[in-house]
Amino acid sequence: MRLERPSLKWEKEHIAYMKEWDEDRMTPSSFQLQEGIPYELYLEELAAKEAGLGNRMLSTNYFLVDNDERIVGMVNIRHGLNDYLRQVGGHIGYGIRPSERRKGYATYLLSEALHITDELGIRSVLVTCNEDNIGSAAVIVNNGGVEDESFTEPHGNVVRRFWIKR
Ligand SMILES: CC(C)(COP(=O)(O)OP(=O)(O)OC[C@H]1O[C@@H](n2cnc3c(N)ncnc32)[C@H](O)[C@@H]1OP(=O)(O)O)[C@@H](O)C(=O)NCCC(=O)NCCS
């Protein structure tokens, strides 16, 4: 298993991965492909977002790829926190393809992402999940997450917030 940066060679795999999510909006949303947009343009737009387009936080995106060259997960690592990320988004967002869940991949993916936040010099990493996301909460606790106060969004969604000290 390894992390790979998005590039043209992953186009087919990325599309196949996305198809498994059916109507669900993909997490992280940075990997959502829009119909009719060429992959080259998606990559350009992703690079612009990573570089901070429109007041965005700097970020880096990776695929988690298995030994059969199949994408099993995706992760978006934010290089810092703004108000929204501090309350809701956290430093790291991740998802695993539906057919590969409950095999420990998210726990592994978050541990790999933490090596990258280490390299960025982030010593307290915020990771969040919705109150009903038992699987994601377990992934965070597996990686040393210590729960802080929850945040309730204006429409009532409760976000659980965990800090991982490095
Ligand atoms: C949440 C998600 C990332 C978990 O991925 P995963 O690869 O299945 O997680 P893991 O296999 O590492 O599981 C970690 C733990 O959670 C438990 N778990 C995972 N999914 C679960 C579920 N739906 N219900 C209850 N427990 C669950 C596992 O049994 C495991 O428990 P253990 O550590 O005690 O053995 C995956 O379901 C997903 O992509 N969901 C949609 C996107 C999303 O919610 N992303 C997170 C945003 S905060």
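Residues numbered from 1 in each chain as written. Predicted model: local features only at pLDDT ≥ 70, side-chain atom pairs only at ≥ 80, totals over all residues. Heavy atoms only, no water.

As a further point, take the nonpolar core. Core analysis: the largest hydrophobic core is formed by 23 residues, its most contacted members being Val75, Ile92, Tyr94, Leu110 and Ile140. Taken together, the elements giving at least two residues each to this core come down to strand S2 (59-65), strand S3 (71-78), strand S4 (92-96), helix H4 (105-119), strand S5 (124-130), helix H5 (134-142) and strand S8 (158-165). Here tyrosine 94 is in contact with Thr27, Pro28, Met74, Val75, Leu109, Leu110, Val127, Ser136, Val139 and Ile140, once residues within four sequence places are set aside. In this structure, Trp10, Tyr17, Tyr42 and Met74 belong to the second largest nonpolar core, which totals 14 residues. (Core = buried A, V, L, I, M, F, W, Y, C linked by side-chain atoms within 4.5 Å. Buried < 20%, exposed > 50% of the residue type's maximum accessible area, 1.4 Å probe, protein only. Helix = DSSP H or I, 4+ residues; strand = E, 2+ residues; numbered from the N terminus. Contact = heavy atoms within 4.5 Å.)

Here we come to the pattern of salt bridges. For the structure on display, the rule yields 12 salt bridges. Across the salt bridge formed by aspartate 118 and arginine 166, the nearest N and O atoms sit 2.7 Å from each other. Here the residue aspartate 118 occupies a position in helix H4, and arginine 166 occupies one in the segment after S8, the gap between them amounting to 48 residues. Given a relative accessible area of 40%, arginine 166 falls into the partly exposed group. One connected set of salt bridges, linked through shared partners, spans Glu13, Glu20, Arg70, Arg97, Glu100 and Lys103. (Salt bridge = Lys/Arg side-chain N within 4 Å of Asp/Glu carboxyl O.)

Applying the stated criterion across every chain, the model contains four aromatic pairs. Taken together, a centroid distance of 5.4 Å and an interplanar angle of 40° make the contact between phenylalanine 31 and phenylalanine 63 tilted. Remark: phenylalanine 63 occurs in strand S2 and phenylalanine 31 occurs in the loop between helix H1 (11-19) and helix H2 (39-50); sequence separation between them is 32 residues. Taken as a pair, phenylalanine 31 and phenylalanine 63 share a single burial class, namely buried. On the numbers, 5.4 Å between centres and 35° between planes, the contact of tyrosine 39 with tyrosine 42 is tilted. Here tyrosine 39 and its partner tyrosine 42 are both found in helix H2, three residues apart, which amounts to about one turn of the helix. Note on tyrosine 42: relative accessible area 7%, which makes it buried. Here the aromatic cluster, defined as three or more aromatic residues joined through ring pairs, consists of Trp10, Phe31 and Phe63. (Phe/Tyr/Trp six-rings, centres within 6.5 Å; stacked < 30°, edge-to-face > 60°.)

This paragraph deals with a negative patch on the surface. A cluster of acidic side chains, namely Glu11, Glu40, Glu44 and Glu45, defines a negative patch on the protein surface. Within the secondary structure, glutamate 40 is located in helix H2. (Patch = residues over 30% accessible without salt bridge, like charges linked within 9 Å, V, L, I, M, F, W, Y side chains within 5 Å. Areas by Shrake-Rupley, 256 points an atom, 1.4 Å probe, with all protein chains shown as cover. Lys, Arg positive; Asp, Glu negative; His and termini not counted. Charge placed at Lys NZ, Arg CZ, Asp CG, Glu CD.)

Before going further, it helps to examine the pairing of S3. The buried fraction of S3 is high, at eight of eight residues. Sheet topology note: the S2/S3 ladder contains seven bridges and is antiparallel. Opposite threonine 60, over in S3, you have isoleucine 77 as the bridge partner. Hairpin connection of S2 to S3: five residues between the antiparallel strands, including glutamate 69 at a positive phi of 65°. Alignment of S3 against S4, held across five bridges, turns out to be antiparallel. What sits directly across from valine 75, in S4, is tyrosine 94. (Pairing = 2+ DSSP bridges.)

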